[in-house]
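Residues per chain, in single letters:
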Amino acid sequence: MRPKDWPGRRTRWGVTPFAYLLAAFQALTHRWTGQDDFLLGVPASSRSGRGTRDLIGCFLNTIPVRAEFTPATTFRAAAERAGERVMRGMLGVRCPAGVAFPGATLFRAALFLVQMDRMEPPVPNVPPGSAVGPFVAYGGVEIALVDVPQQEGQLDVLLRIEQTPGGVTAVFSYDTDVLDRASVERLADGYAVLLAAAVDDPDTRIADVSLSDAAELEALLALGAGGADGQDGFGGHDDFDSFETAWSHG
């Protein structure tokens, strides 16, 4: 997605691009889980003031952002709400959420915006399939971005948005004990569908956007009808098998 295509240009829609990207991810979580009221984590910079501006280090805290949906919620309304709640959350960004709510699991999914366009010259992203990005001269040294593999599943899902002057790239990281690659690929496809719908018409109701193409819809209908092989329920188990028992047969 190119910057000129972003629907979140404040001059037109009244919200930032990040608010739209976050709202689409909230909408995706809502559609996949069926939950109407939940929290997502948003890592935000706690670096402020001259004392920390030039320091090297990770100045991040994750703020919990509440998402609420009804059948009538539009992309515009979701983005406005997301932007307002991120701004409110930034007031307490220096206080880690874990300190405010000790022992509580506030969220299992997060969206992280990485902005590299504030560096001059810009540092190019790592190309897909590469371990190191292109080198550029910066402050008298040659630097490049390095693709660091995710070592552990700190969250069920982390959506990393990398922003550069050339556009944005979405990267999904996930806990392999919870999700598999095929499920995350469908999740990513759904995010692209919702973003496209938001750009096309911000006043579209989120509930009206279809996340299944014709082939997927046909497969789902076939499952509901028992499938072509004449088996009913979960892989041929009778209707009196519980959901939990049916899973244990697989």
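The model shown is predicted, which means the values in this text are computed figures rather than measured ones.

> How do you make sense of the side chain of T73 when you look at a structure like this?
With respect to the helices and strands, the residue T73 is situated in the loop between β2 (60–68) and α4 (75–90). A distance of 2.9 Å separates a polar side-chain atom of T73 from the backbone nitrogen of T70.

> Help me out: how do you make sense of the nonpolar core in this one?
Note on soluble globular proteins: their nonpolar side chains tend to be buried together. Residues L22, F25, F69, F75, F172 and Y191 are the most contacted members of the largest nonpolar core, which totals 39 residues. Within the residue set of this core, elements represented by two or more residues are α2 (17–33), β1 (37–45), β2, α4, β6 (157–164), β7 (167–174) and α6 (181–200). Sort the elements by how many residues they give to this core and α2 lands first, with ten residues.

> Any chance you could explain α4 here in plain terms?
It helps to recall that an α-helix has 3.6 residues per turn; residues three or four apart then point in one direction. In a regular helix each residue adds 1.5 Å, so 16 residues correspond to 22 Å; α4 covers 22 Å between its end C-alpha atoms and thus fits that length. Residues of α4 that are buried in the fold lie against α2, β2 and α6.

> For this particular structure, what's the right way to read the packing of α2 against α6?
To characterise two packed helices, one gives the angle between the axes of the helices and the distance between these axes. Closest axis-to-axis distance for the α2/α6 pair is 9 Å, and the angle between their directions is 125°. For the element pair α2 / α6, the angle class is oblique. Considering only the axes of α2 and α6, their crossing is right-handed. For the pair α2 and α6, contact is made by Y20, L21, A24, F25, A27, L28 and W32 and by S183, R186, L187, G190, Y191, L194, L195 and A198, respectively. For the contact of α2 with α6, a count of residues per class yields twelve nonpolar, two polar and one charged.

> Can you walk me through the packing of aromatic side chains in this structure?
Ring pairs (aromatic) are described by centroid distance and by the angle formed between their planes. On inspection of all chains with the given rule, the structure shows four aromatic pairs. Between F38 and F69, the aromatic rings sit 6.2 Å apart at their centres with planes inclined by 15°, giving stacked as the arrangement. Highlighted residues: F38 in strand β1 and F69 in the loop between β2 and α4, separated in sequence by 31 residues. The residues F38 and F69 share a single accessibility class, namely buried. Grouped by ring-pair contacts, the aromatic residues F25, F172 and Y191 constitute a single cluster.

The rules we used
- Residues numbered from 1 in each chain as written.
- Predicted model: local features only at pLDDT ≥ 70, side-chain atom pairs only at ≥ 80, totals over all residues.
- Heavy atoms only, no water.
- Helix = DSSP H or I, 4+ residues; strand = E, 2+ residues; numbered from the N terminus.
- Polar contact = N/O pair within 3.5 Å; in protein donor to acceptor, adjacent residues only side chain to side chain.
- Core = buried A, V, L, I, M, F, W, Y, C linked by side-chain atoms within 4.5 Å.
- Buried < 20%, exposed > 50% of the residue type's maximum accessible area, 1.4 Å probe, protein only.
- Expected span 1.5 Å × (residues − 1).
- Contact = heavy atoms within 4.5 Å.
- Axes fitted to C-alpha atoms, helices over the stretch in contact; angles between N-to-C directions.
- Parallel < 35°, antiparallel > 145°, perpendicular 65-115°, else oblique.
- Left-handed = near helix turned anticlockwise from the far one by under 90°.
- Nonpolar A, V, L, I, M, F, W, Y, C, P; charged D, E, K, R; others polar.
- Phe/Tyr/Trp six-rings, centres within 6.5 Å; stacked < 30°, edge-to-face > 60°.

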